[in-house]
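Results of the structural survey
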Amino acid sequence: MVTSSQHSPQGHRWSDADLVGGHPALDFLNTVADKGKTRMEEKLVQWHDVHTWAAAAGLLAPADLTRFRQQPEWDGADALTALHRFREDAYAAIVHVTSGVGDRRAYDRLAAAIRDAIGRSTFTTFDGRFVWRPDVQTAWRWIDSVALAFEHLMRSEDSGRVRQCGRCTWFFVDRGRGAGRRWCDMRTCGNRAKAEAFRER
Ligand SMILES: [Zn+2]
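Residues numbered from 1 in each chain as written. Predicted model: local features only at pLDDT ≥ 70, side-chain atom pairs only at ≥ 80, totals over all residues. Heavy atoms only, no water.

Let's talk about helix α7 (residues 186–200)
Residue pairs three or four apart in sequence face the same way in an α-helix, which turns once every 3.6 residues. For α7, the complete set of buried residues consists of C189, G190 and A193. One side of α7 carries all its buried residues, which in axial view fall inside an arc of 95°. Exposed residues lying more than 90 degrees from the buried face of α7 are R187, F198 and R199. (Buried < 20%, exposed > 50% of the residue type's maximum accessible area, 1.4 Å probe, protein only. Helix = DSSP H or I, 4+ residues; strand = E, 2+ residues; numbered from the N terminus. Arc of directions from axis to C-beta.)

Here it is in structure tokens:
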């Protein structure tokens, strides 16, 4: 449940520390600041934040992001609320997919969102390969874009490597070998976990 926000007039300034998911779909789930299992702090406070996040995370091809920005009339308050709701529902779906517990119906809703997104999108060549390009002229366009990112992730080899941080709610693709990555980021959760383990000794 996302209930509070830190908001500056310039919006959130995205950095590498926000983009540790290894895939735009997971980076989208990680657009809440999270120091525990809370999902308390909203980072997509206004549409400007969504636009700058999409650019930083590589959600859309640059040409599509430009098309989105040229028609801002589709980005209303209701659509932003719907995007937040979709993110938290997709979060529940990925918890279910990766852990086998939790809300199976959330997974069904994500599958339906992917089907709807494809229904509104165009299958076409882009940069020499076939892709789904979302319809720009619909209030669903951001949900569709993220749903298509989930479709890409879940059909890829990375889908079996999606892990959740042992400390916060962030997800990431574990591409390492060996024991496996336990934390979203050593600079944040990894160090906090180490410090706690040290104090408990
Ligand atoms: Zn973490």
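Some thoughts on the packing of aromatic side chains
Scanning the model with the defined rule gives seven aromatic pairs in all. Centre to centre, the rings of W47 and W142 are 6.2 Å apart; their planes meet at 35°, and the pair counts as tilted. You can see W47 sitting in helix α2 (residues 47–57) and its partner W142 sitting in helix α6 (residues 141–155), a full 95 residues away along the chain. The burial state of W47 is the same as that of W142; both residues are buried. Taken together, a centroid distance of 4.8 Å and an interplanar angle of 80° make the contact between F68 and W142 edge-to-face. (Phe/Tyr/Trp six-rings, centres within 6.5 Å; stacked < 30°, edge-to-face > 60°.)

Some remarks on the side chain of R141
Mapped onto the elements, R141 comes out in helix α6. Classification of R141 as buried rests on a relative accessible area of 0%. Setting aside residues no more than four positions away along its own chain, R141 makes contact with F68, Q71, P72, W74, D75, P134, D135 and V136. (Contact = heavy atoms within 4.5 Å.)

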